[in-house]
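Here is what each chain is made of, one letter per residue.
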Amino acid sequence: MKKLAIIAFAALATSAFAGGSGGGGGGDTCSECPEIVIDGKSFQAVAATSSLFMNLANGQDAYAQQNVSSNSGNVTVESGGESLQLTAARGSVVANLALGDEAYASQNVSSNIGNVTIDGKSWQITALDRSGVVNVATAGTKAIQNIASNNGCVACKPTAASHGGPGH
């Protein structure tokens, strides 16, 4: 029972988002880019068995973003620092696919992405047992997948305004 409670808690600690075809329609714009500031200590965990973590942007100008035990945006922890992100999966598949003209798929697993500042201790752990990791981008698409990493790469963000790139 204790194991089940830990797994349930871990499932609540994750964040996932997948948005269908972009096109710049209602709710797709932001007046201010995302910013995560924690000011010391952050813990995120996911435990999964026989699971599928799938992120798919399919179709023209499609956009999908999935974050599993991750921070995304301009990440700052500071004030003593520390940030632990953990994803443990057994018999699972972690897949990230961008299919279709100008599709964009971004998947972050136990990662920070954006302009990352932690200022002391940062642990990112992804443990996969009997599992597979897949990242696919067809012609004219972009699929970015971060696993147990920090990514401050501005070029790794979508470029179309409908995808949250420049112009937002």
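Now for a description of the structure that goes with this document. It should be emphasised that the depicted structure is a prediction, and the values quoted were computed from it without experimental measurement.

1. Remarks on the sheet that holds strand E6 (residues 71-72)
Taken together, the three strands give an open sheet; going across it, the order is E6-E11-E15, and neighbouring strands pair in parallel fashion. Every other strand in the sheet has two partners, leaving E6 and strand E15 (150-151) as the edge strands with one partner each. Sheet topology note: the E6/strand E11 (residues 112-113) ladder contains two bridges and is parallel. If you follow Ser72 over to E11, its bridge partner there is Ile113.

2. Thoughts on the packing of aromatic side chains
Two aromatic rings are characterised by how far apart their centres lie and by the angle between their planes. Within the structure shown, the criterion is met by one aromatic pair. When the centroid spacing of 5.7 Å and the interplanar angle of 10° are considered together, the rings of Tyr63 and Tyr104 count as stacked. Here Tyr104 lies in strand E10 (residues 104-109) and Tyr63 lies in strand E5 (residues 63-68), a separation of 41 residues in the sequence. Neither Tyr63 nor Tyr104 differs from the other in exposure class; each is buried.

3. Remarks on the sheet that holds strand E4 (residues 52-58)
Working definition: the strands of a sheet are paired by backbone hydrogen bonds and lie parallel or antiparallel to each other. Here three strands make up an open sheet; going across it, the order is E4-E9-E13 and the pairing parallel. Because the sheet does not close on itself, it has two edges, and the strands there are E4 and strand E13 (132-137). Neighbour-to-neighbour, the strand axes of this sheet turn through a mean angle of 0°, independent of strand direction. Both strand E9 (residues 93-99) and E13 contribute to a ladder of six bridges, which runs parallel. For Ala98, the partnering residue across the bridge sits in E13 and is Ala137.

4. Quick notes on a nonpolar patch on the surface
A grouping of Leu52, Met54, Leu56, Val93 and Val134 is seen on the molecular surface, where their side chains present a nonpolar patch of about 390 Å² in accessible area. Among the elements that take part in the nonpolar patch, E4 stands out by supplying three residues, more than any other. Inspection of the secondary structure puts Leu52 in strand E4.

5. Side note on unusual backbone geometry
For Glu78, which is not glycine, the phi torsion reads 35° and is therefore positive. In this structure, Glu78 sits in the loop between strand E7 (74-76) and strand E8 (84-90). Positioned with a positive phi, Ala148 is a non-glycine residue whose angle comes to about 50°. Relative to the helices and strands, Ala148 is located in the loop between strand E14 (142-147) and E15.

How each quantity is defined
Residues numbered from 1 in each chain as written. Predicted model: local features only at pLDDT ≥ 70, side-chain atom pairs only at ≥ 80, totals over all residues. Heavy atoms only, no water. Pairing = 2+ DSSP bridges. Helix = DSSP H or I, 4+ residues; strand = E, 2+ residues; numbered from the N terminus. Phe/Tyr/Trp six-rings, centres within 6.5 Å; stacked < 30°, edge-to-face > 60°. Buried < 20%, exposed > 50% of the residue type's maximum accessible area, 1.4 Å probe, protein only. Axes fitted to C-alpha atoms, helices over the stretch in contact; angles between N-to-C directions. Patch = residues over 30% accessible without salt bridge, like charges linked within 9 Å, V, L, I, M, F, W, Y side chains within 5 Å. Areas by Shrake-Rupley, 256 points an atom, 1.4 Å probe, with all protein chains shown as cover. Salt bridge = Lys/Arg side-chain N within 4 Å of Asp/Glu carboxyl O.

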